[in-house]
Each structure stands twice: as C-alpha cells, then as structure tokens.
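# Overview (structure and organization)
Here are the chains, one letter per residue:
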Amino acid sequence: APLNIIPFCRQLKEEIETTSSNHKIDFSGNLDGQIADTSGIVQIDKKLLQQVLTNILTNAIKYSPDHNLINFSLTIENEKLIFTISDSGIGIPEADQINLFESFHRGSNVGTISGTGLGLAIVKKCLDLHKGEITFNSQLGQGTTFTVKIPFQRNQARKAIN
Ligand code: ATP
Ligand code: MG
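Residues numbered from 1 in each chain as written. Chains lettered and ligands numbered in written order. Predicted model: local features only at pLDDT ≥ 70, side-chain atom pairs only at ≥ 80, totals over all residues.

## Brief notes about the nonpolar core
Short version of the rule: Put simply, a nonpolar core is buried Ala, Val, Leu, Ile, Met, Phe, Trp, Tyr and Cys residues tied into one set by C-beta atoms within 7 Å. In this scheme the burial state of a residue depends on its C-beta neighbours within 10 Å: 20 or more other such atoms mean buried, 12 or fewer mean exposed, and anything in between means partly exposed; the C-beta positions come from the backbone. Helix numbering and strand numbering both begin at the N terminus, where a helix is a DSSP run of H or I of at least 4 residues and a strand a DSSP run of E of at least 2. Contacts here follow a simple rule: the backbone-placed C-beta atoms of the two residues must lie within 7 Å.
Membership of the largest hydrophobic core comes to 30 residues, with the highest contact counts inside it found for Ile-5, Val-52, Ile-56, Leu-57, Ala-60, Ile-70 and Ile-85. Elements with a contribution of two residues or more to this core: helix H1 (5–18), strand E3 (41–43), helix H2 (46–62), strand E4 (69–77), strand E5 (80–87), helix H4 (119–129) and strand E7 (143–151). Counting residues per element, this core draws most heavily on H2, at seven residues. In contact with Ala-60, other than residues within four places in its own chain, are Ile-70, Ile-85, Asp-87 and Gly-89.

## Quick word on the sheet that holds strand E8 (residues 153–154)
Applied cut-off: Strand pairing is assigned whenever DSSP identifies at least 2 bridges connecting the two strands.
Spatially, the three strands line up as an open sheet ordered E1-E3-E8, and their pairing is antiparallel. Pairing within the sheet leaves two strands with one partner each, and these edge strands are strand E1 (3–4) and E8. Here E1 runs beside E3; their pairing, made up of two bridges, is antiparallel. If you follow Asn-4 over to E3, its bridge partner there is Ile-41.

## Considering the environment of Asp-96
Relative to the elements of secondary structure, Asp-96 occurs in helix H3 (residues 94–97). In contact with Asp-96, other than residues within four places in its own chain, are His-105, Gly-107 and Ser-108.

## Looking at the pairing of E4
Along E4, the buried face is formed by Ile-70, Phe-72, Leu-74 and Ile-76; none of Leu-69, Asn-71, Ser-73, Thr-75 and Glu-77, which line the opposite face, is buried. Bridge count between strand E2 (residues 24–29) and E4: six bridges; the pairing is parallel. Counterpart to Lys-24 in the pairing with E4 is Leu-69. What sits between the antiparallel neighbours E4 and E5 is a turn of two residues, in which Asn-78 has the positive phi angle 50°.

## Concerning the site of ligand 1
For clarity, the cut-off: Being near a molecule or strand means, for a residue, that its backbone-placed C-beta atom lies within 6 Å of it.
Contacts to ligand 1 come from 22 residues, most closely from Arg-106, Gly-107, Gly-115, Gly-119 and Leu-120. Those elements that provide at least two residues to the shell around ligand 1 are H2 and H4.

## With respect to H1
Since there are 3.6 residues in each turn of an α-helix, residues three or four apart along the chain are aligned in direction. Inclusion rule: What a helix is expected to span follows from its residue count: subtract one and scale by 1.5 Å. Comment: arc refers to directions from the helix axis out to C-beta atoms.
The end-to-end C-alpha distance of H1 is 20 Å, a good match for the 20 Å that 14 residues give at a rise of 1.5 Å each. Every buried residue belonging to H1 is among Ile-5, Phe-8 and Cys-9, and all of these are buried. The arc enclosing the buried residues of H1, seen along the axis, measures out at 95°, which places them on a common side. Summarising the geometry of H1, the exposed residues directed more than 90 degrees from the buried face are Glu-14 and Thr-18. As for H1, its buried residues are in contact with E1, E2, E3, E4 and E5.

## Focus: H2
Taking 1.5 Å as the rise per residue, H2 with 17 residues should run 24 Å; its terminal C-alpha atoms sit 24 Å apart, in good agreement. The inward-facing, buried residues of H2 contact H1, E2, E4, E5, H4 and E7.

Purely geometric numbers; function is a separate question.
What follows is the structure, encoded as structure tokens:
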C-alpha cells in the first residue's frame with residue numbers, strides 16, 4: 001500500500017520519543033512540492049523503512065547525553081528520499097568507522113552503553129536489498145550524522161491514503 005511519508009515520519013518520531021524520557025527528536029520534512037500529490041504519498045516498503053530509521057534514531061538517542069536534541073529530516077533529491085539523522089553525542093572513533101556496518105563491531109568509546117553491534121548491520125542489509133545507500137559523518141566527542149538515500153516511486157493515485 002502507498003505510504004504517506006510525512007505523517008509516517010512524524011509518527012515514528014513520536015513513538016521513539018516515548019521510549020526515552022530524556023531525548024527529543026526534531027523532525028522536519030520538506031518535500032518542496034516535489035511529490036506531485038502535496039500529501040507526499042510514495043510507494044515504499046513500510047517495514048523496511050521503519051526498521052532502518054528506528055535503528056538509526058535509537059542509536060542517536062543511546063549514544064548522546066540526556067536532554068540532547070536529535071535532528072531528523074526528510075528531503076527529496078532526484079528520485080530519492082533523503083533522510084538525515086544527526087546527534088551531538090559521543091561520536092565514532094576513526095578506527096571504528098571502517099567496519100561500522102559489520103556485525104558485532106562496536107566503537108571503542110561506548111563504555112557502559114549496552115548493545116550487540118547488530119543494528120547497523122541490519123540497516124545495511126535492508127538498504128542493499130532495496131538499492132538504498134547509507135553514509136555517515138562523525139566527529140569524536142562532537143556528534144554523528146547518518147544519511148540514508150532510498151529510491152522511491154511516486155504514486156499516481158490520489159485516492160490512496162496510507
Ligand atoms: P544494537 O545491536 O543494540 O543496535 P549497537 O548499537 O552497539 O547494538 P549498532 O547499532 O550496529 O550496534 O552500532 C554499531 C556501533 O556504532 C555502536 O556500538 C557504536 O559504537 C557506533 N554508533 C552507531 N551509531 C552511533 C551514534 N549515533 N553515535 C555514536 N556511535 C554510534
Ligand atoms: Mg544500535
């Protein structure tokens with residue numbers, strides 16, 4: 001079924017905020033009228049998108065101090081949805097950036113923050129299967145930004161809402 005992308009992101013943001021009483025996520029969705037239907041309906045696998053964004057957003061929360069704001073944005077470039085998730089948390093040491101998407105790899109600076117090192121490996125697999133891309137930029141002790149690009153199909157039918 002077609003997905004109404006902006007309400008979907010807003011809802012995800014709210015769901016994830018309820019799992020952490022100490023972090024807020026600022027969502028901004030700017031499609032600039034680039035999807036013909038102003039409500040922003042697209043064809044994309046909802047489960048996949050939810051899995052990918054949830055893993056990245058929960059990392060942003062987990063690896064940043066309490067009361068830090070997470071920025072989550074959606075834009076469109078060519079035929080791709082571009083999601084960015086940025087935090088001002090602990091960052092990723094350069095030596096750990098190379099294998100970041102491999103299972104069980106965790107940064108040397110995680111300290112007592114618990115995790116299995118599987119979240120990003122799953123994200124990468126999901127995106128590979130859907131011709132998506134993921135990149136990141138991180139400064140140790142300053143923060144991290146993940147960018148996810150996923151091709152989408154514009155939806156022709158106005159009638160279909162979520
Ligand atoms: P889980 O399997 O529960 O997700 P995890 O969070 O340790 O465990 P990944 O989500 O795969 O595993 O992340 C791998 C590693 O990348 C993390 O252990 C952490 O070192 C680093 N990392 C990921 N996201 C961030 C972030 N936003 N800020 C700092 N480090 C991060
Ligand atoms: Mg994780």
